[in-house]
Amino acid sequence: MAGNGSGICKFVRLLPITAITCLLLSFAIAILVDVPLSRFLLAGVSKENKTSRIDQLSETASERFTQWSLNHTVRNQTTARAWTAGTIALFLCVVFAFTQIPTVFFPETDARDLSINVEMPPTTTLEISQAVADDLGQHLRSKDYFESVIKYVGRRSTLVSSGELQPSQASYLVGFDAVFVPEEQRQFTSFEYVDKLRPQLEAALTSYPGATLVINSQQAAQNEDPIQVEITGNNLSELRRISGDIQLALRQIPGTTDVRDNLGDLQPDLKLIPEREQLDFYGISEEQLAAQARYYSNRHGC
């Protein structure tokens, strides 16, 4: 399985490699180019003639530039002011042009791995989760740009790491591992397909109230969500309330997707206190009772 963690490692590893390569090239140029070039340029220097050919060339260029400047740029005050204003205007135009160039520090990559996770309300049974998995699985398998699609009922997809601190196995979880066909076999990049696929899956989940969709694709040098809001506190109920308000505000911003927290939905706990005499009488072990209780809770959403 591949995750986004390897991307950041590859990106960081390039920094020292680039610095070392530049230093080695500078050293090689200084030894192999600068020394022979200096020998050639300073060959005419002697005690009688202290001016080398490079000095003569510099003096000639300086004299010509001085003469051109006197004739064109500083001929009078009006010309000097015009050149100064034009230079400042050109500088401002260049700065403005650079600000209009779009830049992305971590650009989207045409990766093949894709994780799709659906989280239902905590009381959802395995039968309902199976129905959700069948509906979405049929929709995903109809896409010719997927090489393979694997569905999980009762667990999340971990093909692409998301950095979430939530349970990976529960009756209300549905996950899909999807792998795109090679780049030469499809018309668009993988993230362009994801942008088209997201609204289709959200429309398919409208018949399942409370279902939330999260799609994780591989990003260059990035293993977490691009925007994160951190809330700290000691009261878990208050944190849940604040988290809900923040998520509601973020969902109202155009372009936001996969808004969620790492707390997950509140799931009720079921505590069993067996009577050991009854277990001994019927010959049932604690492990068997726990397995039966787990099976019952998964089927009935307890």
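Please read all numbers here as calculations on a predicted model, not as lab measurements. (Residues numbered from 1 in each chain as written. Predicted model: local features only at pLDDT ≥ 70, side-chain atom pairs only at ≥ 80, totals over all residues. Heavy atoms only, no water.)

**Considerations on the overall build of the protein chain**
Scanning the protein chain from N- to C-terminus turns up 8 helices and 4 strands. For the protein chain, the N- to C-terminal ordering of α and β elements is α-α-α-β-α-β-β-α-β-α-α-α. Scored against the burial criterion, the 302 residues of the protein chain give a buried share of 24%. (Helix = DSSP H or I, 4+ residues; strand = E, 2+ residues; numbered from the N terminus. Buried < 20%, exposed > 50% of the residue type's maximum accessible area, 1.4 Å probe, protein only.)

**Details of the packing of aromatic side chains**
Taken as a whole, this structure holds 9 aromatic pairs when the rule is applied. Ring centres 5.0 Å apart and planes at 90° place the aromatic pair Phe281 and Tyr282 in the edge-to-face group. Assigned by exposure class, Phe281 and Tyr282 land together as exposed. Through successive ring pairs, a cluster of aromatic residues spans Tyr145, Phe146, Phe180, Phe188 and Tyr193. Over the face of the ring belonging to Tyr152 we find Arg155, whose NZ or CZ atom lies 4.2 Å from the ring centre. Looking at Lys196, its charged tip hangs above the ring of Phe188, at a distance of 4.0 Å from the centre. (Phe/Tyr/Trp six-rings, centres within 6.5 Å; stacked < 30°, edge-to-face > 60°. Lys NZ or Arg CZ within 6 Å of the ring centre and 35° of its normal.)

**Side note on the packing of helix α4 (residues 126–141) against helix α5 (residues 190–204)**
α5 packs onto α4 with a crossing angle of 150° between their chain directions and a minimal axis gap of 10 Å. Overall, the two elements α4 and α5 adopt an arrangement that is roughly antiparallel. When you trace α4 past α5, the crossing you get is right-handed. Counted together, Leu136, His139 and Leu140 of α4 and Leu197, Gln200, Leu201 and Ala204 of α5 form the full contact between these two elements. Residue composition of the contact of α4 with α5, grouped by class: 5 nonpolar, 2 polar and no charged. (Axes fitted to C-alpha atoms, helices over the stretch in contact; angles between N-to-C directions. Parallel < 35°, antiparallel > 145°, perpendicular 65-115°, else oblique. Left-handed = near helix turned anticlockwise from the far one by under 90°. Contact = heavy atoms within 4.5 Å. Nonpolar A, V, L, I, M, F, W, Y, C, P; charged D, E, K, R; others polar.)

**Considerations on the environment of Val181**
By secondary structure assignment, the location of Val181 is in the loop between β3 (169–180) and α5. A relative accessible area of 8% places Val181 in the buried class. It is 7.1 Å that separates the C-alpha atoms of Val181 and Arg112, two residues lying 69 residues apart in sequence. Not counting residues within four places of it along the chain, the set of residues in contact with Val181 comprises Arg112, Asp144, Tyr145, Phe146, Glu147 and Arg186.

**Re the confidence of the model for the protein chain**
On average, residues of the protein chain score 80 in pLDDT, and 81% of them reach the 70 mark or higher. Scored below 50 in pLDDT, residues 1–6 makes 18 contacts in the model with residues more than four places away or belonging to other chains. (pLDDT = per-residue confidence, 0-100.)

**Observations concerning the nonpolar core**
Within the largest apolar cluster, 25 residues are counted, with the highest numbers of intra-cluster contacts made by Leu114, Ile116, Val118, Phe146, Leu197 and Leu201. Those elements that provide at least two residues to this core are β1 (113–119), α4, β3, α5 and β4 (212–217). Of all the elements, β3 adds the most residues to this core, at 7 residues. Contact partners of Leu114, with chain neighbours within four places excluded, come to Phe146, Leu159, Val160, Phe176, Asp177, Ala178, Phe180, Val194, Leu197, Ile215, Asn216 and Ser217. (Core = buried A, V, L, I, M, F, W, Y, C linked by side-chain atoms within 4.5 Å.)

**What to know about the side chain of Asp177**
By the secondary structure assignment, Asp177 is in strand β3. Of the side chains with opposite charge, Arg155 lies nearest to the buried Asp177, which makes no salt bridge, at 5.8 Å. At 2.2 Å, the side chain of Asp177 and the side chain of Ser157 are in polar contact. (Lys, Arg positive; Asp, Glu negative; His and termini not counted. Salt bridge = Lys/Arg side-chain N within 4 Å of Asp/Glu carboxyl O. Polar contact = N/O pair within 3.5 Å; in protein donor to acceptor, adjacent residues only side chain to side chain.)

**Some thoughts on the pattern of salt bridges**
Applying the stated criterion to the full structure yields 6 salt bridges. The shortest N-O distance in the salt bridge between Lys151 and Asp134 comes to 2.5 Å. One end of the pair, Lys151, is in strand β2 (residues 146–155); the other, Asp134, is in helix α4, and 17 residues separate them in sequence. When its relative accessible area of 30% is taken as the criterion, Lys151 is described as partly exposed.

**Focus on a nonpolar patch on the surface**
A cluster of nonpolar residues, Phe27, Ile29, Ile31, Leu32 and Val33, forms a patch on the protein surface that exposes about 510 Å² of accessible area. Summarising the element assignment, Ile29 is placed in helix α1 (residues 5–41). (Patch = residues over 30% accessible without salt bridge, like charges linked within 9 Å, V, L, I, M, F, W, Y side chains within 5 Å. Areas by Shrake-Rupley, 256 points an atom, 1.4 Å probe, with all protein chains shown as cover.)

**Considerations on the sheet that holds β2**
A sheet is described by the order of its strands in space; here 4 strands give the open sequence β2-β3-β1-β4, paired in antiparallel fashion. At either end of the open sheet lies a strand with only one pairing partner, and these are β2 and β4. On average, adjacent strands in this sheet sit at an angle of 15° to one another, irrespective of strand direction. Alignment of β2 against β3, held across 8 bridges, turns out to be antiparallel. Bridge pairing in β3 places Lys151 opposite Phe176. Against the sheet, α4 contacts β1, β2 and β3, and its axis sits at roughly 170° relative to β2. (Pairing = 2+ DSSP bridges.)

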